[in-house]
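The primary structure of each chain is shown beneath.
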Amino acid sequence: MRDPAPPSPDDASRLTRALRGLARLAERRHRTVFAVVALLLVLAALSTARLRLDPDILSLLPAGDPVVETFRDALEAYGGLDLLLIVVRIPEDASPEPYQALVDRLGPALGELDTLDYVDYALGDPTDLLRGFLPRAPLFLDDAGRAAVAERLAPDALIRRAGEIRRLLTTPQALARKDLLQLDPADLAPLFLERLAGGGGPGGLGIDWTSGHYLSADGRLLLLLAKPTQPAQDIGFTERLVAEVERVVETVVDADWDASRGPAPAVVLGGGYLTALDDATLIRRDVIVNAASSMIVVLLLFLFAFRRLGLLLYAFLPLSAGLLLTFGVAGATVGTLGAATSGFAALLIGLGIDFVIVSYGRFVEERRAGADASRALQRMMVASGPAVVVGGVTSAATFYAFSLTEFTGLRQMGALTATGILLCMVLVLVLLPSMLAWSEQRRRRSGGGPTLYLHGFGAERIVALALARPRVTLAAGALVTLAALAALPRLQWEDSIQNMRPEGNRGIEVAEEVAHHFGSNFEYMMLLVRGETAEDARALAAEAAAGARPLVDDGTLRGVDAIDSLIPPPAQQRAALDWLAAGRADGTLDPARVSAQLRAALRDAGLNPAAFDDGVTGLAAMLALDAPIDVASLQTGADAAAAGGLDASRLIARYLRPLPEADGGGWQSVVYLYAPPRVWKRAPPPAAEALVADLGPQAELTGVNVVSRLLRVQVRQDAVFAAVVGTLAVLVLLWLDYRRLSDALLALVPLFVGIVWMIGAMVALGIAMNFMNIFVTTMIIGIGVDYGIHMLHRNREVASLPPGDPAFAAGLAQTGKAIVMAAASTLVGFGGLILSHYPGLRSIGYVAILGTVAASLTAITLLPAYLALRRRG
C-alpha cells in the first residue's frame, strides 16, 4: 500500500476533522444516516407537491424595471392577451355562408359556459351597421373624404348612381346586395366603413364588414373572440376552459353540420390561453424529460466508467435525493417553476454527479493500492473531501451570483441550482460513505470481492503527454487562445424575446394564422399617452396619431390605429360640422334638395323610389347632423350607433382606459404603430421616438423592440457583473483554501483560457449569444474551476515527492481521469437542455457543452504542463 502524503496544516483543520468524523459516522451509524435522509425526502416530497408552473415568458425579464413593467402592463391592458381565439377555417372554394351560420350557433353555445365572460362572434347585420353608422359618418372624414361625398351628391352623380343601381339589380348577386343598395343609394358607405374594418377587432384586424361576422377579407377564416373569467396563467382553469370549449365545439359541429353544406370545418383554438397551456405542458415535459434523460445517460456513463452494476445505486440515490430536496426547497420558497428554471434539474444532475465521481474514484484508487475499506473511506474523505467541498462551494457561489442580476428567471434558476449543488455535495459527503460502508459490511459477510475499475477515456495519456512535453503543450494552448481571441469580434448577438419562445406552440401558430388572413401581424408598438380626463387623453392620442401617419407615407410604419377610428378628433369633427352647415346654407348639402334629386333620379331610372325610403331618410339625417360625438356619449350609449352597432364599451377599452389610483389616476390612451414585416426588430424607429419626445412626458413608447434594446444593454451589464462577482467569490474561497494568492489565481487562469476557447468555438459553429446563454460564462466559472481545484489539490499531495518519482505523474493522471469523467457527466447534464423546447435553454446547453469541454481540456493539459515546468525549475 502506498503511504499517504505527509501531514500538512490542512490535516489539522476543522474541515479535515469534520470529514474524518463523517467517515466514522458512515461506518458506525449508516442506518441512522439512511433514516434521517429518508425523513427529509418525505418532507421534500410534500413541499414539492405545492410547486406550480409559470408559463409566462415575460417572467424571464427584469422585474421592477420601468420599461419592462410598462410593456407588461400595456400587453395586459391592450395587447389582446386576455382573449381566447376560436378560429373556423373555411375550405378553399367553399362559400362562407354555411360556416357563418355555424358560427351563429356556436357563439351562443359558448356564451353559456361559466368559464367565459362573453363571446364576440358577429359584427351585426350589415344593414344595422349602416343604419347606425351612416348618420354620424361625416365626422370621420378629412378634407379629401368630404370632397368625395360632395362629388357623389352632385345632381349628375346621383343620376349616374341611379342607373348603376338599376344595372346591379339585374345581376345574379342582386338578392344579396338589395338591402345594402336600398340603405345606401348614394354609395357613401365605402368612403366611411374602412375605419370600421380597421377598428373592428383586436390587432387592427381587416374584417369583411358586409358579412356581419369576423370574416377575413379573403373569406378563409371566421373568428370568435372569447373573454375568459380567469387569467391564462391559472393553468388549472385554462385546462378546464380549453376542454369545455373543445367539447362545445365538437357538440355543435356534430349536431349541426351535414355534408350537403360542404366540407366539414376545422375549428381550432389559439391566442394567449393556448400559448400558456402549451407552454405549461412543455415546461412540465421538459422538467421530466430533461431530468430523466440526463439521469439515465449519467448512470450509463457511470456504469461504463466503473464497470460495476451495483454502483449505479451509489450515483442514483445521492443525485435523486439531491434533486428531490431541491424541488422541496423550491416548493417552500419560490413556489413556481418558470421556463428558465425548468432547466435546473438537468444542470444539477450533470454537476452533482461530479462529487460522486471524484469521491468514489479516490475510493477505488485507494482500494486498488491495497487499503482496506475503512482506510479507503478515511482517505476518500480526507483527500478528496476538501476538494469536493471547495468545488461545491465555489460552484454554488457563481450560481448564487445570478441573484444579483435583474432577470427574474435567471435569478431563480441560479438560486435553485446553487442550492441543489450544496445539497448534492452534502448528500455525497454523508450518504455515499454510508452506502459504501454498508456495502462493504454485506460483502464481508458474503465473502465476495469488489469490482474496482475507473475508465479514464484516455485522460492518463493526455496528462502524461502534457507532463512530458510541457513547453509544446503550452505553446499549442497559446496558439489556440490567440485564434479564439481573433474570432471574438465576430460573435453574433440574438436579442429577440420571441425567439426565446418554444416552437410548435398552438396558441402562437393560430395567432399567426389569424394575423396572416386578417392583414395584421400583431407586431406593433404601443404609444401610450396620459391625461387628467378621458377627453384629455383622447385629444393627445389624436395628436400622436396625426404625427405618426406621415411615417406611414414615408414607409417607416405600415399603419397607425388610434381612438380616432371610433371618435374623430374634436378639430376634425368641428370641420365636418362646419362643412355640413355651409353646404346646407349654399344648397349643395341641403337635405331636402339631395333627397328630392335622388328620388327623381331613381324614378327616372325605372326604379320605385319608395323602396329606397330608409336610405333616403338616413342620408337626409346625415346631412342634417349638427352635434359631435365624444367619449362620454359613447360610454353612456347615447351614440353607440356611431361605433357601427358594435359594443361601444369594448371598442373604447381597446384604445382608452382609466388608470388606477395607485398609478396616479387619470386616463390612458394607446396608439398602435404597425411596423413593416421584419423591420424595426431590434429597436424602435428614431422618428417614432422623436414623436414621443415632442409629445412630452405624458407620452411613452413600448413594444418588443423597445424591451429588446433594453435587454441588450441590461443583459451585458448583468452578465459582466455576475461574472466579476462570481470570479471574486471563487478567488476568495480559493485563497481561504490554499492560503496563497498565486495558487488561487493559478486555478483560475486555465479556466479563463477555456472560456476564451468556448467563445471562439461559438463563432466557428455559428452559435449566437443571447440574453440567456450569455450567463453561461458565469456558470462555467463555477463548473470549470472545480477541475483546477481537483488538479491542484492532488498536486499538493504529490508535490513533496522527489523529482523523477513516477507517483507524481500517476497521481495527476488519476485525478485527470476523474476530471474527464466529471466533465463527461456534466456534458450529459447540459445535453438534457438540448432536448428542451425553449430555444433559450437549448442555447444554454450548447454553449455550456463547449465551455465544459474547453475548461476540462485546459485543466488536464495546460495546468499539468505548467505544474511540470514549475516542478523542474
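Conventions and cut-offs
- Residues numbered from 1 in each chain as written.
- Predicted model: local features only at pLDDT ≥ 70, side-chain atom pairs only at ≥ 80, totals over all residues.
- Heavy atoms only, no water.
- Helix = DSSP H or I, 4+ residues; strand = E, 2+ residues; numbered from the N terminus.
- Buried < 20%, exposed > 50% of the residue type's maximum accessible area, 1.4 Å probe, protein only.
- Contact = heavy atoms within 4.5 Å.
- Areas by Shrake-Rupley, 256 points an atom, 1.4 Å probe, with all protein chains shown as cover.
- 1 Å grid on protein atoms, 1.4 Å probe; cavity = no way out; pocket = protein on both sides within 12 Å on 5 of 7 lines; lining within 4 Å.
- Points joined across faces, edges and corners; volume = space filled by probe spheres on them.
- Core = buried A, V, L, I, M, F, W, Y, C linked by side-chain atoms within 4.5 Å.
- Pairing = 2+ DSSP bridges.
- Axes fitted to C-alpha atoms, helices over the stretch in contact; angles between N-to-C directions.
- Parallel < 35°, antiparallel > 145°, perpendicular 65-115°, else oblique.
- Left-handed = near helix turned anticlockwise from the far one by under 90°.
- Phe/Tyr/Trp six-rings, centres within 6.5 Å; stacked < 30°, edge-to-face > 60°.
- Lys NZ or Arg CZ within 6 Å of the ring centre and 35° of its normal.
- Nonpolar A, V, L, I, M, F, W, Y, C, P; charged D, E, K, R; others polar.
- Salt bridge = Lys/Arg side-chain N within 4 Å of Asp/Glu carboxyl O.

A.B. asks: What's the story with the overall build of the chain in this structure? I'm lost.
C.D. replies: A tally of regular secondary structure across the chain gives 32 helices and 13 strands. Across the 873 residues that make up the chain, the buried fraction comes to 56%. In the chain, the share of contacts with a sequence separation of at least 24, taken over all contacts with a separation of at least 6, comes to 82%. If you sum the accessible surface of the chain, you get close to 34,900 Å²; carbon and sulfur atoms cover 59% of it.

A.B. asks: What am I meant to see in empty space enclosed by the protein here?
C.D. replies: Take a probe with the size of a water molecule and roll it over the atoms, and the empty space left behind shows itself. Scanning the entire structure with this criterion turns up four cavities of 30 Å³ or more. Along its surface, the largest cavity is lined by 16 residues, and Val358, Arg362, Ser384, Arg794 and Thr815 are the ones closest to its centre. When contributions to the lining of the largest cavity are tallied by element, the ones reaching two or more residues are α14 (344–368), α15 (373–400), α29 (776–798) and α30 (806–834).

A.B. asks: Would you mind showing me how to read the nonpolar core here?
C.D. replies: Across soluble globular proteins, you tend to see nonpolar side chains buried next to one another. Within the largest apolar cluster, 197 residues are counted, with the highest numbers of intra-cluster contacts made by Leu153, Leu527, Leu673 and Leu734. Examining the composition of this core, we find that 15 residues originate from one element, helix α16 (residues 408–446), more than from any other. Leave out the neighbours within four places in its chain, and leucine 527 touches Ala544, Ser669, Val670, Val671, Leu673, Leu691, Val692, Leu695, Ala699, Glu700 and Leu701. Listed in part, the 34 residues of the second largest apolar core include Tyr99, Leu113, Leu222 and Phe237.

A.B. asks: Explanation requested: the sheet that holds strand β2 (residues 84–89) in the structure shown.
C.D. replies: Within a sheet, each strand pairs with its neighbour through backbone hydrogen bonds, oriented either parallel or antiparallel. As summarised here, the arrangement of the four strands in space is β3-β4-β2-β5, forming an open sheet in which the pairing is antiparallel. Edge positions in the open sheet fall to β3 (116–120) and β5 (266–271), since each of these has one partner strand only. The sheet shows a mean angle of 25 degrees between the axes of neighbouring strands, direction not considered. Looking at chain direction, β3 and strand β4 (residues 221–228) are connected through four bridges and run antiparallel. Across the sheet, residue tyrosine 118 finds its bridge partner in β4, namely lysine 227. Against the sheet, helix α4 (residues 97–111) contacts β2, β3 and β4, and its axis sits at roughly 5 degrees relative to β4. Against the sheet, helix α11 (residues 235–256) makes contact with β2, β3, β4 and β5, and its axis sits at roughly 160 degrees relative to β5, the strand it touches most.

A.B. asks: Where do I start with the packing of helix α18 (residues 470–487) against helix α32 (residues 862–872) in this structure?
C.D. replies: When two helices pack together, their arrangement is captured by the angle between the axes and the distance separating the axes. Following both chains from N to C, one finds α18 and α32 inclined at 140 degrees, their axes separated by 9 Å at the closest point. Looking at the two axes, α18 sits oblique to α32. In the crossing of α18 with α32, the sense of the turn from one axis to the other is left-handed. Contact residues: Pro470, Arg471, Thr473, Leu474 and Gly477 in α18; Leu862, Ala865, Tyr866, Ala868, Leu869 and Arg872 in α32.

A.B. asks: Would you mind going over the packing of aromatic side chains with me for this structure?
C.D. replies: Summed over all chains, the structure comprises four aromatic pairs. Arranged with centres 5.5 Å apart and planes meeting at 65 degrees, the rings of tyrosine 524 and tyrosine 674 form a pair that is edge-to-face. In this pair, tyrosine 524 is assigned in strand β8 (residues 524–531) and tyrosine 674 in strand β11 (residues 667–674), connecting sequence segments 150 residues apart. Accessibility expressed as a relative area gives 11% for tyrosine 524, which makes it buried. Put simply, the rings of Tyr524, Tyr655, Tyr672 and Tyr674 pair up and form one aromatic cluster. It is arginine 871 that lies over the ring of phenylalanine 808; its NZ or CZ is 4.1 Å from the centre.

A.B. asks: Explanation requested: the packing of helix α28 (residues 741–765) against α29 in the structure shown.
C.D. replies: Orientation of α28 relative to α29, taken along the N-to-C sense of each, is 135 degrees, at an axis distance of 8 Å. Looking at the two axes, α28 sits oblique to α29. Taken as a pair, α28 and α29 cross one another with a handedness that is right-handed. Seen from α28, the contacting residues are Asp743, Leu746, Ala747, Leu748, Leu751, Phe752, Ile755 and Met758; seen from α29, they are Val776, Thr777, Ile780, Ile781, Gly784, Val785 and Leu792. Across the contact of α28 with α29, the residue classes break down as 12 nonpolar, two polar and one charged.

A.B. asks: Before we go on, may I ask you to explain the pairing of β11 in this structure?
C.D. replies: In the case of a regular strand, side chains alternate between the two sheet surfaces. Burial analysis of β11 places seven of its eight residues in the buried class, which makes it a mostly covered element. Bridge analysis of β8 against β11 gives eight bridges, and the strand direction is antiparallel. Each residue of the ladder has a partner; that of leucine 527, found in β11, is valine 671. Sheet analysis places strand β9 (residues 559–561) next to β11, joined by three bridges and oriented antiparallel. Among the inter-strand pairings, valine 560 is bridged to a residue of β11, identified as leucine 673. Strand direction decides the pairing type here: strand β10 (residues 656–658) and β11, joined by three bridges, are antiparallel. Its bridge partner lying in β11, proline 658 is registered against tryptophan 667.

A.B. asks: Any chance you could explain the pattern of salt bridges here in plain terms?
C.D. replies: Two side chains of opposite charge can pair, provided their charged atoms sit close to one another. A full pass over the atoms with the stated rule returns 15 salt bridges. Close ionic contact of arginine 89 with glutamate 513 constitutes a salt bridge, the shortest N to O distance being 2.9 Å. Of this pair, arginine 89 sits in strand β2 while glutamate 513 is found in helix α19 (residues 506–517), placing the two residues 424 residues apart along the sequence. We classify glutamate 513 as buried; its relative accessible area is 18%. Here lysine 817 ties to glutamate 460 by a salt bridge, and the two come within 3.6 Å at their closest N and O atoms. You can see lysine 817 sitting in helix α30 and its partner glutamate 460 sitting in helix α17 (residues 459–468), a full 357 residues away along the chain. Judged by relative accessible area, lysine 817 falls into the buried class, the value being 4%.

In short, shape yes, function no, at least from these values alone.
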